[in-house]
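# Architecture and fold: a report
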Number of protein chains: 2
Amino acid sequence: MDMETVNSMDFGEFVEVFGNVIERCPLVAAAVWSQRPFSDPADLERHFFSFIDTLPQSGQEGVLRCHPDLAGRELQRGALTAESQREQSGAGLTSLGAAERLRLTELNAQYRARFGFPFVLAARLSDRAAVPRELARRLLCPPELELRTALEEVKKIGHLRLADLLGADPAKL
Amino acid sequence: MDMETVNSMDFGEFVEVFGNVIERCPLVAAAVWSQRPFSDPADLERHFFSFIDTLPQSGQEGVLRCHPDLAGRELQRGALTAESQREQSGAGLTSLGAAERLRLTELNAQYRARFGFPFVLAARLSDRAAVPRELARRLLCPPELELRTALEEVKKIGHLRLADLLGADPAKL
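These remarks concern the structure in this document. In this text, all values refer to a predicted model and were calculated from it rather than measured experimentally. (Residues numbered from 1 in each chain as written. Chains lettered and ligands numbered in written order. Predicted model: local features only at pLDDT ≥ 70, side-chain atom pairs only at ≥ 80, totals over all residues. Heavy atoms only, no water.)

## Things to note about the relation of the copies chain B and chain A
Mapping chain B onto chain A is achieved by rotating through 180 degrees and translating by 0.0 Å along the same axis, at an RMSD of 0.0 Å. The operation mapping one copy onto its partner corresponds to a two-fold rotation axis. (Least-squares fit on C-alpha atoms with pLDDT ≥ 70 in both.)

Quick look at the structure:
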């Protein structure tokens, strides 16, 4: 998809296409549309990320809270977004054994209790062995640092989703 | 639902219950959870509205763009949220004649083209005769004024939805 196509979209089309670049936060894409025209994919991406950066802390936490747990209840129930389903599946999180799943469930619960938002990780850059390790590590981080780390993961996820939608190489976006 | 129940919800429960107080913007409820405990329903509502008030203009436009047209394509397709379906149906917008529907479709399109967001109106406080009249009137307003008017309608909708969820009298919330 070229930028001319993107820039010619009305807001309904734009939100339909880019509404889940930030998981379950179509509000972000809907806001970004105000900034068109976009000069190139990197410019489009910058507007997504800078919208998140300028939210108050409660809003940034809100963005995180719209994300599902990894290998959590929504995966079990088949209630993930298509993008999240693909990402978690690609990382092998849909085929965990009972013990691995239980371990992740426990770590996810501890993480949510400690930080007040779910553990967010760009699953496409990880795998089933690394996820619990990284979760256990981040569980020990100070809350202010962890909020920043989690938002960086939101951006990595958004970067890969945007690259997919634009048919672009993520390394060149 | 009493405030003790509300204040004891984890963020997953809170977003599940209050996620559509602001149409298709669960991010707002997810952000508001950061402000708990809430002293009473009015306090809870204040946090929803002040989150919207502190968004940059693009974000406020984004909130509006998450709303469906009245008697529009999403109603035809059965793709409205449950709340919106009830509200539009209650105002008689699901049983328009062909001419009335065409007239609204045209006015909605003009409105979207002029302001860059859809016409938002608290349908429960209106009816099928008043909607096109109000739409035609607001179509002539200056954009800055119209943005404020539309956000006030978002709040009226949110007020009624919150009252429903809390089992409260809207006049006393």
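## Considering the packing of helix 8 (residues 98-115) of chain A against helix 10 (residues 143-166) of chain A
All names here are of chain A. Direction vectors running N to C along helix 8 and helix 10 enclose 115 degrees, while the axes themselves pass 11 Å from each other. Facing Y111, R114 and F115 of helix 8, the residues of helix 10 in contact are P143, E146 and A150. Its residues placed into classes, the contact of helix 8 with helix 10 shows four nonpolar, no polar and two charged. (Axes fitted to C-alpha atoms, helices over the stretch in contact; angles between N-to-C directions. Helix = DSSP H or I, 4+ residues; strand = E, 2+ residues; numbered from the N terminus. Contact = heavy atoms within 4.5 Å. Nonpolar A, V, L, I, M, F, W, Y, C, P; charged D, E, K, R; others polar.)

## Brief notes about the pattern of salt bridges
Taken as a whole and judged by the stated rule, the model has 26 salt bridges over all chains. Taking the shortest distance from any N to any O, the salt bridge between E23(A) and R161(A) comes out at 2.9 Å. Here E23(A), found in the loop between helix 2 (11-18) and helix 3 (26-32), pairs with R161(A), found in helix 10; they are 138 residues apart in sequence, far enough to count as distant. Among the salt bridges present, the one from E152(B) reaches K155(B), with a minimum N-O distance of 3.9 Å. One end of the pair is E152(B) and the other is K155(B), both in helix 10 (residues 143-166) and three residues apart, which spans about a single turn. (Salt bridge = Lys/Arg side-chain N within 4 Å of Asp/Glu carboxyl O.)

## So, the interface of chain B and chain A
Counting from both sides, the interface comprises 28 residues of chain B and, opposite them, 28 residues of chain A. Here chain B and chain A share an interface that buries about 2000 Å² over both sides, 70% of which is from carbon and sulfur atoms. Where chain B meets chain A, there are zero salt bridges. One can count six residue pairs in polar contact (both at pLDDT 80 or more) joining chain B with chain A. Those elements that provide at least two residues to the side of chain B that touches chain A are helix 2 (11-18), helix 3 (26-32) and helix 5 (57-65) of chain B. Broken down by element, the side of chain B that touches chain A gets its largest block of residues, six residues, from helix 5 of chain B. Here the side of chain B that touches chain A is composed, by residue class, of 15 nonpolar, seven polar and six charged. (Buried area = accessible area lost by both parts, 1.4 Å probe. Polar contact = N/O pair within 3.5 Å; in protein donor to acceptor, adjacent residues only side chain to side chain.)

## Quick look at unusual backbone geometry
Backbone phi values are negative for most residues with the exception of glycine, while trans is the configuration of most peptide bonds. In the segment running from R36(A) into P37(A), the intervening peptide bond is cis, with an omega of 0 degrees. Positive phi, close to 55 degrees, is recorded for A71(A), a residue that is not glycine. Take A71(A): it is sitting in the loop between helix 5 (57-65) and helix 6 (73-77). Despite not being glycine, R24(B) has its phi angle at roughly 55 degrees, a positive value. One can find R24(B) in the loop between helix 2 and helix 3.

## Digging into the packing of helix 5 of chain A against helix 10 of chain A
Residues and elements named next belong to chain A. With their axes 10 Å apart at the nearest point, helix 5 and helix 10 run at an angle of 55 degrees to one another. For the element pair helix 5 / helix 10, the angle class is oblique. With respect to the hand of their crossing, helix 5 and helix 10 are arranged in left-handed fashion. Here Q57, Q60, E61, V63 and L64 of helix 5 lie close against helix 10, whose contacting residues are L147, A150, L151 and V154. Residue composition of the contact of helix 5 with helix 10, by class: six nonpolar, two polar and one charged. (Parallel < 35°, antiparallel > 145°, perpendicular 65-115°, else oblique. Left-handed = near helix turned anticlockwise from the far one by under 90°.)

## Details of helix 4 (residues 41-53) of chain A
The end-to-end C-alpha distance of helix 4 of chain A is 18 Å, a good match for the 18 Å that 13 residues give at a rise of 1.5 Å each. When helix 4 of chain A is considered as a whole, its buried residues turn out to be D43(A), L44(A), E45(A), F48(A), F49(A), F51(A) and I52(A). On its buried face, helix 4 of chain A sits against helix 1 (3-7), helix 2, helix 3, helix 5 and helix 10 of chain A together with helix 5 of chain B. Between the side-chain oxygen at the start of helix 4 of chain A and the backbone nitrogen of A42(A) there is a gap of 3.2 Å, and the oxygen is on D40(A). (Expected span 1.5 Å × (residues − 1). Buried < 20%, exposed > 50% of the residue type's maximum accessible area, 1.4 Å probe, protein only.)

## Things to note about helix 10 of chain B
Between its terminal C-alpha atoms helix 10 of chain B stretches 34 Å, which fits the 34 Å expected from 24 residues at 1.5 Å a residue. Phi for G167(B), located one or two positions after helix 10 of chain B, is positive at around 65 degrees.

## Concerning the packing of aromatic side chains
Applying the stated criterion to the full structure yields 14 aromatic pairs over all chains. Taking the centre distance of 4.8 Å and the plane angle of 45 degrees together, the rings of F14(A) and F18(A) count as tilted. Residue F14(A) and its partner F18(A) are both found in helix 2; the two are separated by four residues, about one turn of the helix. This pair shows no difference in class: F14(A) is buried, exactly as F18(A) is. Among the aromatic residues, those joined into a ring-pair cluster are Y111(A), F115(A), F117(A) and F119(A). Positioned above the aromatic ring of F11(B), the side-chain terminus of R65(A) is 5.9 Å from the ring centre. (Phe/Tyr/Trp six-rings, centres within 6.5 Å; stacked < 30°, edge-to-face > 60°. Lys NZ or Arg CZ within 6 Å of the ring centre and 35° of its normal.)

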